[in-house]
Amino acid sequence: MTSDPADLTAADHLDAAREMAAANRPLLAHLLAEEAARRTTDPATAAGIRAAFPDPVLTREETD
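A brief look at the structure comes next. The model shown is predicted, which means the values in this text are computed figures rather than measured ones.

All right, on to a nonpolar patch on the surface then. On the surface, Leu27, Leu28, Leu31 and Val57 cluster together into a nonpolar patch covering about 340 Å² of accessible area. If you tally residues by element for the nonpolar patch, the top one is helix α2 (residues 26–38), at three residues. Its place among the elements puts Leu28 in helix α2. Leu28 gets classed as partly exposed once you look at its relative accessible area, which sits at 34%.

What follows is the structure, given as structure tokens:
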């Protein structure tokens, strides 16, 4: 791993997103996945990343 955040790759961000999802941290997972998608040059791959880590604020269901 690098100490300079600018050196992180899309794969690094995607790995971190998976770790945050496994740790039940969906918002952090979403934000890391968004950065991974932003760093991905292929639009289809970026769309797949975004679909795998949807925004938890938009997908949350309200309960009484």
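Let's pick the thread back up.
Judged by nonpolar contacts, Leu14, Ala17, Ala29, Ala33, Ala36, Ala37, Ala46, Ile49 and Phe53 together constitute the single largest core of nine residues. At four residues, the largest contribution of residues to this core is made by α2. With near-sequence residues (within four places) excluded, Ala29 lies in contact with Ala17, Met20, Ala21 and Phe53.

Here we take up α2. The end-to-end C-alpha distance of α2, which contains 13 residues, comes to 18 Å, matching closely the 18 Å that a straight helix rising 1.5 Å per residue would cover. Turning to α2, its buried residues number three or more, namely Ala29, His30, Ala33, Glu35, Ala36 and Ala37.

On to the packing of helix α1 (residues 10–22) against α2, then. Here α1 crosses α2 at 165°, and the two axes come no closer than 8 Å. The angle between α1 and α2 places the two elements in the roughly antiparallel class. Considering how the two elements wind past one another, α1 and α2 form a crossing that is left-handed. Counting all contacts with α1, which are made through Ala10, His13, Leu14, Ala16, Ala17, Met20 and Ala21, the residues of α2 involved are Leu28, Ala29, Leu32, Ala33, Glu35 and Ala36. Class assignment of the residues belonging to the contact of α1 with α2 gives a composition of 11 nonpolar, one polar and one charged.

What follows covers α1. Given a rise of 1.5 Å per residue, 13 residues ought to cover 18 Å, and the 18 Å separating the end C-alpha atoms of α1 matches this to within 8%. Along α1, the residues classified as buried are His13, Leu14 and Ala17. The arc that holds every buried residue of α1, seen down its axis, measures 100°, which confines them to one face. Those residues of α1 that are exposed and angled more than 90 degrees off the buried face are Glu19 and Ala22. Following α1 by one or two positions, Asn24 adopts a phi angle in the positive range, close to 60°.

About the cut-offs
- Residues numbered from 1 in each chain as written.
- Predicted model: local features only at pLDDT ≥ 70, side-chain atom pairs only at ≥ 80, totals over all residues.
- Heavy atoms only, no water.
- Patch = residues over 30% accessible without salt bridge, like charges linked within 9 Å, V, L, I, M, F, W, Y side chains within 5 Å.
- Areas by Shrake-Rupley, 256 points an atom, 1.4 Å probe, with all protein chains shown as cover.
- Salt bridge = Lys/Arg side-chain N within 4 Å of Asp/Glu carboxyl O.
- Helix = DSSP H or I, 4+ residues; strand = E, 2+ residues; numbered from the N terminus.
- Buried < 20%, exposed > 50% of the residue type's maximum accessible area, 1.4 Å probe, protein only.
- Core = buried A, V, L, I, M, F, W, Y, C linked by side-chain atoms within 4.5 Å.
- Contact = heavy atoms within 4.5 Å.
- Expected span 1.5 Å × (residues − 1).
- Axes fitted to C-alpha atoms, helices over the stretch in contact; angles between N-to-C directions.
- Parallel < 35°, antiparallel > 145°, perpendicular 65-115°, else oblique.
- Left-handed = near helix turned anticlockwise from the far one by under 90°.
- Nonpolar A, V, L, I, M, F, W, Y, C, P; charged D, E, K, R; others polar.
- Arc of directions from axis to C-beta.

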